[in-house]
Amino acid sequence: MNSQNIKPAHGIELCTSIGRLRDIHDDWLPYYDSVYPGDPFCNLFKENLLYNKEHLRDAVTRLKENNKKVYLTTPVEPWTDESEQIVPLVLSAIEAGVDGIEVLNEGIFYMV
């Protein structure tokens, strides 16, 4: 059985995550219903979408143009100096059209 014969149960989304803008490719994108942009677990990840507002906005726009649902996950443990950029990043993602936000840090939840 190949992957094209697999049909998810009604109402189930097939999701994936991407760390960087350049990771969005047409060779895998059609197989997924939704995408989580960025890597919430590693703030040292180079080009992490969760730390680049312009790249995040471009990623959300591109994914939405491909009819994908987009869910933003906030960083798990942002450093103190990074915390201030989380709220503008989340607001930018909302303006770009994210479908939902998963908050993994209670402090970030209260900031947003």
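Residues numbered from 1 in each chain as written. Predicted model: local features only at pLDDT ≥ 70, side-chain atom pairs only at ≥ 80, totals over all residues. Heavy atoms only, no water.

Trainee: Would you mind showing me how to read a nonpolar patch on the surface here?
Mentor: Taken together, the side chains of Leu91, Ile94, Ile101 and Val103 define a hydrophobic patch exposed on the protein surface, amounting to about 300 Å² of accessible area. Considering the arrangement of structural elements, one finds Ile94 in helix H3 (residues 86-96). Residue class for Ile94 comes out partly exposed when judged on its relative accessible area of 43%. (Patch = residues over 30% accessible without salt bridge, like charges linked within 9 Å, V, L, I, M, F, W, Y side chains within 5 Å. Areas by Shrake-Rupley, 256 points an atom, 1.4 Å probe, with all protein chains shown as cover. Salt bridge = Lys/Arg side-chain N within 4 Å of Asp/Glu carboxyl O. Helix = DSSP H or I, 4+ residues; strand = E, 2+ residues; numbered from the N terminus. Buried < 20%, exposed > 50% of the residue type's maximum accessible area, 1.4 Å probe, protein only.)

Trainee: Help me out: how do you make sense of unusual backbone geometry in this one?
Mentor: What you tend to see is this: most non-glycine residues have negative phi, and most peptide bonds are trans. If you check the backbone angles, Glu47 has positive phi at about 70 degrees while not being a glycine. Mapped onto the elements, Glu47 comes out in the loop between strand S2 (34-37) and helix H1 (53-65). Using a relative accessible area of 33% as the deciding quantity, one classes Glu47 as partly exposed. Of note in the backbone geometry, Asn67 takes a positive phi value of approximately 60 degrees without being a glycine. Within the fold, Asn67 resides in the loop between H1 and strand S3 (69-73).

Trainee: Explain the environment of Tyr71 to me, please; I cannot follow it from the model alone.
Mentor: Mapped onto the fold, Tyr71 is located in strand S3. A relative accessible area of 17% means that Tyr71 is categorised as buried. Tyr71 sits 56 residues away from Cys15 along the chain, and the two C-alpha atoms are 9.5 Å apart. Beyond its immediate sequence surroundings of up to four residues, Tyr71 is in contact with Glu13, Ser34, Val35, Tyr36, Pro37, Asp99 and Gly100. Within polar-contact distance, the side chain of Tyr71 engages the side chain of Glu13 at 3.2 Å. (Contact = heavy atoms within 4.5 Å. Polar contact = N/O pair within 3.5 Å; in protein donor to acceptor, adjacent residues only side chain to side chain.)

In short, the description is geometric, and any link to function would need to be established separately.
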